[in-house]
Amino acid sequence: MTQLRNTVQGTFLENEPMAKHTTYGIGGPAAAYITPADKQDLASALQCAHKHSIPVFFVGSGSNLLVSDKGIDGLVFTLGKSFVNLEFDQNKVFAESGVMLGKMVKEATKRNLTGLESLVGVPGTLGGALVMNAGAFGGEISNYLTSVEVMTMEGNLKNYSAEDISFSYRHSTFRDDEIILGAEFELLEADPDSIQSEKSKASEGRKKTQPLRFRSAGSVFKNPEGEKAAGYLIDKAGLKGTRIGDAEISEHHANFFINHGEAKAEDIAHLIRIARKEVMDQFGIMLDLEIKTLGFKEGAFTP
Ligand SMILES: Cc1cc2nc3c(=O)[nH]c(=O)nc-3n(C[C@H](O)[C@H](O)[C@H](O)COP(=O)(O)OP(=O)(O)OC[C@H]3O[C@@H](n4cnc5c(N)ncnc54)[C@H](O)[C@@H]3O)c2cc1C
């Protein structure tokens, strides 16, 4: 660890509570939380971790993450603060993976480019959005993607074209051992009024349906294919308002679990088990997690 600390030029926070880096405000310490200064810094840190077989995890801004109360036995890398370059060349966009999605939407719409406006209000970085294939109100981040640059654990750069990666509903086939550095998109030019109208529709829809005043990680479960939405099923199972400690299944949107202040990861995990069990018992459907989990034992979410 000392060697690694001396290697990193960016920030290196040892024993860093992940609660500070997740929108849930939940999560025990990571052995180290690292924001590399640049590509060279990232490459040296990854090589060092790889050489010493230290487990490594990549995160963006933690808006889709549940981290266990025990924390993460490994290094957490984020590019959220340092890889934030965003450039436009007519309808082409190049963004580093730490760019906030909201900023991309704003800058694209300012230039009368369509393709991202339905994602207005989705929190998080571009890196997280690509891994999750973030989507909302009919649009997905992968729709206008052309290529992605990643770095391997050996510190080598690799390029994928959009066709090399499969994207589906809240899923992509990026490898766990490669960190996304940036991506290129080709958007379309469109009439500013129609872009603005799509953006407003998405924004108002979100405000109406989501408990945005509270800490959450967005939808906990994926909507099951060909079935009613997960939130509908949890609601019909009679679970809205179910509370464990400071964690609650939102009254406003049953697929959002919220932290009223002091919720523990175990409280959220408990609600997840309850929701899965009740929806299984009442509708015969096993809900799949949409949120990503770090630092839990196998079976932690099995009812
Ligand atoms: C209020 C609220 C509303 C939301 N609404 C929506 C919505 O409408 N639609 C939607 O799709 N999502 C929604 N989300 C979920 C979340 O915002 C998205 O999934 C977002 O794209 C996650 O980005 P992030 O940077 O926070 O990623 P994180 O949560 O930090 O990470 C998500 C995943 O990406 C991986 N990852 C992140 N960065 C990198 C990288 N550079 N390289 C490799 N892997 C990486 C992580 O390992 C993890 O597996 C919502 C969340 C909240 C809190």
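Residues numbered from 1 in each chain as written. Predicted model: local features only at pLDDT ≥ 70, side-chain atom pairs only at ≥ 80, totals over all residues.

1. Let's talk about the pairing of strand β6 (residues 86–89)
Right, so step 1: Examined bridge by bridge, β6 and strand β7 (residues 92–96) share 4 bridges and lie antiparallel to one another. Each residue of the ladder has a partner; that of E87, found in β7, is F94. (Pairing = 2+ DSSP bridges. Helix = DSSP H or I, 4+ residues; strand = E, 2+ residues; numbered from the N terminus.)

2. Details of the domain arrangement of the protein chain
Right, so step 1: Parsing the protein chain into structural domains produces domain 1 (2–78), domain 2 (86–209) and domain 3 (230–294).
Right, so step 2: Look at where the C-alpha atoms of domain 1 and domain 3 centre, and you get two points 28 Å apart.
Right, so step 3: It is strand β4 (residues 65–67) that contributes the most residues to the side of domain 1 that touches domain 3, 3 residues altogether.
Right, so step 4: When grouped by side-chain class, the residues that make up the side of domain 1 that touches domain 3 number 7 nonpolar, 4 polar and 1 charged. (Domains from an automatic or database assignment. Nonpolar A, V, L, I, M, F, W, Y, C, P; charged D, E, K, R; others polar.)

3. Observations regarding the nonpolar core
Right, so step 1: L66, V76, L101, L130 and I268 are the most contacted members of the largest nonpolar core, which totals 82 residues.
Right, so step 2: Take this core: its biggest share by element is 7 residues, from helix α7 (residues 265–283).
Right, so step 3: In contact with L130, not counting residues within four places along its chain, are I141, V148, S172, F174, I180 and A183. (Core = buried A, V, L, I, M, F, W, Y, C linked by C-beta atoms within 7 Å. Buried ≥ 20, exposed ≤ 12 C-beta atoms within 10 Å, placed from the backbone. Contact = placed C-beta atoms within 7 Å.)

4. Here we look at the sheet that holds β7
Right, so step 1: Reading across the sheet, the 5 strands line up as β6-β7-β15-β11-β12 and stay open at both edges, with antiparallel pairing between neighbours. Each of the sheet's edge strands pairs with one partner strand only, and the pair in question is β6 and β12 (157–161). Recorded for the sheet is a direction-independent mean angle of 20° between the axes of neighbouring strands.
Right, so step 2: The strands touched by helix α3 (residues 101–110) are β6 and β7; relative to β6, the strand with the most contacts, the crossing angle is about 25°. (Axes fitted to C-alpha atoms, helices over the stretch in contact; angles between N-to-C directions.)

5. Considering the pairing of β7
Right, so step 1: Between the antiparallel neighbours β6 and β7 lie 2 residues, among them Q90 with a positive phi of about 50°.
Right, so step 2: Across 5 bridges, the pairing between β7 and strand β15 (residues 178–186) is antiparallel. For E96, the partnering residue across the bridge sits in β15 and is G182.

6. Details of the site of the ligand
Right, so step 1: The ligand sits among 31 residues. The nearest are G60, G124, G127, G128 and G218.
Right, so step 2: Put simply, the parts of the chain that give the shell around the ligand at least two residues each are β3 (56–59), α4 (126–132), β9 (135–136) and β15.
Right, so step 3: Element by element, the count of residues in the shell around the ligand is highest for α4, at 5 residues.
Right, so step 4: Residue composition of the shell around the ligand, by class: 15 nonpolar, 15 polar and 1 charged.
Right, so step 5: Residue contributions to the shell around the ligand reach at least three from each of two domains, namely domain 1 (2–78) and domain 2 (86–209). (Near = placed C-beta within 6 Å.)

7. Things to note about unusual backbone geometry
For residues besides glycine, phi is generally negative; the peptide bonds are generally trans as well.
Right, so step 1: For N15, which is not glycine, the phi torsion reads 55° and is therefore positive.
Right, so step 2: Its place among the elements puts N15 in strand β1 (residues 11–17).
Right, so step 3: Using a count of 11 C-beta atoms within 10 Å as the deciding quantity, one classes N15 as exposed.
Right, so step 4: Unlike most non-glycine residues, R170 shows phi in positive territory, near 50°.
Right, so step 5: According to the C-beta neighbour criterion, R170 is buried, with 20 such atoms within 10 Å.

8. A word on α7
Right, so step 1: Compared with the 27 Å implied by 1.5 Å per residue over 19 residues, the 26 Å span of α7 between its first and last C-alpha is a close match.
Right, so step 2: Within α7, the full set of buried residues consists of A265, D267, I268, A269, L271, I272, A275, R276 and V279.
Right, so step 3: Contact partners of the buried residues in α7: β4, α6 (230–236), β17 (243–244), β18 (247–249) and β19 (257–259).
Right, so step 4: Just downstream of α7 lies G284, where phi reads positive at about 70°. (Expected span 1.5 Å × (residues − 1).)

9. Overview of α3
Right, so step 1: Burial in α3 covers these residues: L101, M104, V105, A108 and T109. Buried residues of α3 fall within an arc of 120° about the axis and therefore sit on the same side.
Right, so step 2: On its buried face, α3 sits against β6, β7, β8 (113–114), α4 and α5 (192–209).
Right, so step 3: Positive phi shows up at N112, right after α3, with a value of about 60°. (Arc of directions from axis to C-beta.)

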